[in-house]
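Architecture at a glance
Here is how the chains run, residue by residue.
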Amino acid sequence: SNNGLLNSNSDIEETSQMFLESAARYYHEIKYSKKMMMFVKAFHSKNSMRAFLMSLGSLDELLSLEKEWGNFQEAAKIARMQGDLLLEADLLENTGNYEDASLSILLYVFANSLWAPRSQGWPLKQFPRKEKLLTKAKEFAKNGSDNFFEFVCTEANILSDQECSLP
């Protein structure tokens with residue numbers, strides 16, 4: 001009967017999925033990421049790939065997959081989970097989400113300006129690329145509303161290496 005055929009097809013799919021997961025898990029355990037991903041990419045759905053990689057904490061591999069699929073918004077979320085705000089900004093730029101990309105850069109600059117060994121929080125710590133990043137944040141902000149651009153410029157001026165008074 002057709003019903004029996006459907007059950008056997010889903011049984012075969014389920015068994016093959018279990019095999020693929022088992023093989024992928026084995027290669028994950030021996031830290032052979034490239035081979036693991038060969039099996040993961042053979043999974044029956046993107047959702048099963050995502051769930052599996054998340055369960056292993058394999059965020060680098062998941063981020064690569066999302067980029068490969070052109071899902072830059074999802075890849076940006078993973079970059080944020082990893083704490084890579086500059087990568088998140090680049091990925092958000094790819095989606096045309098310039099405002100969030102600008103905010104990610106500002107957050108990165110802010111975090112790297114405050115948290116230094118023996119830092120009192122003020123004056124702000126300087127670091128290479130700071131001015132370049134602030135310029136990039138302003139360039140992204142130009143694509144947003146006038147109010148947003150003004151906000152980003154104000155924040156960038158406060159975080160800047162240049163002398164300025166707090167008020």
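**Some details on the packing of aromatic side chains**
- Inspection of every chain in the model, using the stated rule, returns seven aromatic pairs.
- Here the aromatic rings of Phe19 and Phe39 are separated by 6.2 Å at their centres, their planes lie at 75°, and the arrangement is edge-to-face. With a gap of 20 residues between them, Phe19 in helix α1 (residues 2–29) and Phe39 in helix α2 (residues 33–40) connect regions that are remote in the sequence.
- Taking relative accessible area as the criterion, Phe19 reaches 53% and is therefore assigned exposed.

**Side note on the packing of helix α7 (residues 98–114) against helix α8 (residues 130–141)**
- As a packed pair, α7 and α8 sit with axes 8 Å apart at the nearest point and diverge in direction by 155°. In terms of orientation, α7 and α8 fall into the roughly antiparallel class. Of the two possible hands of crossing, α7 and α8 adopt the one that is left-handed. Residues Tyr98, Ala101, Ser102, Ile105, Leu106, Tyr108, Val109 and Ser113 of α7 lie in contact with α8, whose contacting residues are Lys130, Leu133, Leu134, Lys136, Ala137, Phe140 and Ala141.

**So, the environment of Glu29**
- The residue Glu29 is located in helix α1 in this model.
- A C-alpha to C-alpha distance of 9.6 Å links Glu29 and Leu56, two positions 27 residues apart in sequence.

**Quick look at the nonpolar core**
- In terms of nonpolar packing, the biggest core is built from 36 residues, with Met36, Val40, Phe43, Leu53, Ile105 and Val109 touching the most fellow members.
- Here this core gets five residues from one element, more than from any other, and that element is α8.
- Those residues within four positions of Val109 in sequence are excluded, and the remaining contacts are Phe127, Lys130, Leu133, Leu134 and Leu159.

**Considering the pattern of salt bridges**
- In total, this model carries five salt bridges according to the counting rule given.
- With a shortest N-O distance of 2.5 Å, Glu66 and Arg50 are connected by a salt bridge. A residue pair is termed long-range when its members are at least 10 positions apart, and Glu66 in helix α4 (residues 59–68) and Arg50 in helix α3 (residues 46–56) qualify at 16 residues.
- Salt-bridge contacts for Arg80 lead to Glu88; the nearest nitrogen and oxygen are separated by 3.0 Å.
- Its relative accessible area of 42% is what places Arg80 among the partly exposed residues.

**A closer look at helix α9 (residues 146–159)**
- Taking 1.5 Å as the rise per residue, α9 with 14 residues should run 20 Å; its terminal C-alpha atoms sit 20 Å apart, in good agreement.
- Among all positions in α9, only Phe148, Val152, Cys153, Ala156 and Leu159 are buried. The arc enclosing the buried residues of α9, seen along the axis, measures out at 135°, which places them on a common side. More than 90 degrees from the buried face of α9, the exposed residues found are Asp146, Asn147 and Glu150.
- Buried residues along α9 sit in contact with α7 and α8.

**What to know about helix α5 (residues 72–81)**
- Turning to α5, its buried residues number three or more, namely Ala75, Ala76, Ile78 and Ala79. Buried residues of α5, seen end-on, are gathered within an arc of 160° and therefore sit on one face of the element.
- Once α5 ends, the next one or two residues include Gly83, with phi positive near 80°.

**Quick word on a nonpolar patch on the surface**
- Together, Tyr26, Ile30 and Tyr32 make up a nonpolar patch on the protein surface, roughly 310 Å² of accessible area in all.
- Looking at the secondary structure, you find Tyr32 in the loop between α1 and α2.

**Details of the side chain of Ser102**
- With respect to the secondary-structure elements, Ser102 resides in helix α7.
- Exposure remark for Ser102: the relative accessible area of 0% places this residue in the buried category.

Calculation notes
- Residues numbered from 1 in each chain as written.
- Predicted model: local features only at pLDDT ≥ 70, side-chain atom pairs only at ≥ 80, totals over all residues.
- Heavy atoms only, no water.
- Phe/Tyr/Trp six-rings, centres within 6.5 Å; stacked < 30°, edge-to-face > 60°.
- Helix = DSSP H or I, 4+ residues; strand = E, 2+ residues; numbered from the N terminus.
- Buried < 20%, exposed > 50% of the residue type's maximum accessible area, 1.4 Å probe, protein only.
- Axes fitted to C-alpha atoms, helices over the stretch in contact; angles between N-to-C directions.
- Parallel < 35°, antiparallel > 145°, perpendicular 65-115°, else oblique.
- Left-handed = near helix turned anticlockwise from the far one by under 90°.
- Contact = heavy atoms within 4.5 Å.
- Core = buried A, V, L, I, M, F, W, Y, C linked by side-chain atoms within 4.5 Å.
- Salt bridge = Lys/Arg side-chain N within 4 Å of Asp/Glu carboxyl O.
- Expected span 1.5 Å × (residues − 1).
- Arc of directions from axis to C-beta.
- Patch = residues over 30% accessible without salt bridge, like charges linked within 9 Å, V, L, I, M, F, W, Y side chains within 5 Å.
- Areas by Shrake-Rupley, 256 points an atom, 1.4 Å probe, with all protein chains shown as cover.

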